[in-house]
Amino acid sequence: MQTDSLIGQQFNAFQVEAKIGQGGMATVYRAHQASVNRSIALKVIALDSAQGRRDEFRERFAQEARVIASLEHIHILPIYDYGIVNDQFAYIAMRLLRGGTLADVLRDTVPLDRAADLLIQMARGLSYAHSKGVLHRDLKPSN
């Protein structure tokens, strides 16, 4: 079993519990927010030492998180918090969805009506985001 050095670590109000996904730039963890007794998804981006201290990166990251957090739509995950910890990690805390990703769903044959429903949900969320000037630049079933 491979261990992850962030499991058990604290990211402000969030205690990292388990790794649930890995992408090109970020790792997603299940974490616990004790103050409201809920599990959340914590997207963590490892920073190089200079990047974490750069004001330009910090402001761009904060601006993107604020814009995404302003999107209120049933098919867009809400953001609870974001930040940079010890100039080493940028994180975004968001609602944890159970049941896996679309990639997990597509491993099995999906009935046509279910596939259509999933596409409609995605299209509605994307349309809303686009109407607010937000483009999702990494749209794929694993996201």
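Since the structure is predicted, the reported quantities are computational estimates derived from the model, not experimental observations. (Residues numbered from 1 in each chain as written. Predicted model: local features only at pLDDT ≥ 70, side-chain atom pairs only at ≥ 80, totals over all residues. Heavy atoms only, no water.)

Novice: Where do I start with the sheet that holds strand E1 (residues 10–11) in this structure?
Specialist: Within a beta sheet, neighbouring strands are joined by backbone hydrogen bonds and run either parallel or antiparallel to one another. Overall, antiparallel pairing links the six strands, which are arranged E1-E2-E3-E4-E6-E5 in an open sheet. Whereas interior strands pair on both sides, the edge strands pair on one side only; in this sheet they are E1 and strand E5 (79–85). Sheet topology places E5 next to strand E6 (residues 89–95); six bridges connect them, and they run antiparallel. Considered in E6, the bridge of Ile 84 is made with Ala 90. Contacts from helix H2 (residues 55–69) reach strand E4 (38–46), E5 and E6 within the one sheet, and its direction differs from that of E5 by about 175°. (Pairing = 2+ DSSP bridges. Helix = DSSP H or I, 4+ residues; strand = E, 2+ residues; numbered from the N terminus. Contact = heavy atoms within 4.5 Å. Axes fitted to C-alpha atoms, helices over the stretch in contact; angles between N-to-C directions.)

Novice: Just to check I follow, could you spell out the pattern of salt bridges for this structure?
Specialist: Where charged atoms from two side chains of opposite charge approach closely, those side chains can pair. Under the criterion given, the structure shown has seven salt bridges. Across the salt bridge formed by Glu 59 and Arg 66, the nearest N and O atoms sit 3.1 Å from each other. Taking the relative accessible area as the measure of exposure, Arg 66 reaches 38% and is therefore partly exposed. Between Asp 117 and Arg 114 there is a salt bridge; the shortest N-O distance is 3.4 Å. (Salt bridge = Lys/Arg side-chain N within 4 Å of Asp/Glu carboxyl O. Buried < 20%, exposed > 50% of the residue type's maximum accessible area, 1.4 Å probe, protein only.)

Novice: Whenever I open this one, the side chain of Asp 4 confuses me. Can you help?
Specialist: Inspection of the secondary structure assignment puts Asp 4 in the segment before E1. Summary of buried charges: Asp 4 has no salt-bridge partner, and the nearest side chain of opposite charge, Lys 19, is 4.6 Å away. Contact partners of Asp 4, with chain neighbours within four places excluded, come to Lys 19 and Tyr 29. (Lys, Arg positive; Asp, Glu negative; His and termini not counted.)

Novice: Please clarify how the environment of Ile 84 should be interpreted in this entry.
Specialist: If you trace the backbone, Ile 84 turns up in strand E5. What makes Ile 84 buried here is its relative accessible area of 19%. Between the alpha carbons of Ile 84 and Arg 30 there is a distance of 18 Å; along the sequence they are 54 residues apart.

Novice: Please clarify how helix H4 (residues 112–131) should be interpreted in this entry.
Specialist: Think of an α-helix as 3.6 residues a turn; residues three or four steps apart then line up on the same face. If you check H4, its first and last C-alpha atoms are 28 Å apart, about what 20 residues at 1.5 Å a residue would give, namely 28 Å. Of the surrounding secondary structure, the elements contacted by the buried residues of H4 are helix H3 (102–105). (Expected span 1.5 Å × (residues − 1).)

Novice: Could you clarify how one ought to interpret the nonpolar core in this entry?
Specialist: Burial of nonpolar side chains together is a common tendency in soluble globular proteins. Phe 11, Phe 14, Leu 42, Val 44 and Tyr 91 are the most contacted members of the largest nonpolar core, which has 13 residues in total. Of all the secondary-structure elements, those providing two or more residues to this core are strand E2 (14–22), strand E3 (27–33), E4 and E6. Not counting chain neighbours up to four residues away, the residues in contact with Tyr 91 comprise Phe 11, Asn 12, Phe 14, Leu 42, Lys 43, Val 44, Phe 61, Asp 81, Tyr 82, Gly 83, Ile 84 and Val 85. Ile 45, Leu 47, Phe 57 and Phe 61 belong to the second-largest nonpolar core, a separate cluster that totals twelve residues. (Core = buried A, V, L, I, M, F, W, Y, C linked by side-chain atoms within 4.5 Å.)

Spatial relationships are all this shows, so hold off on functional conclusions.
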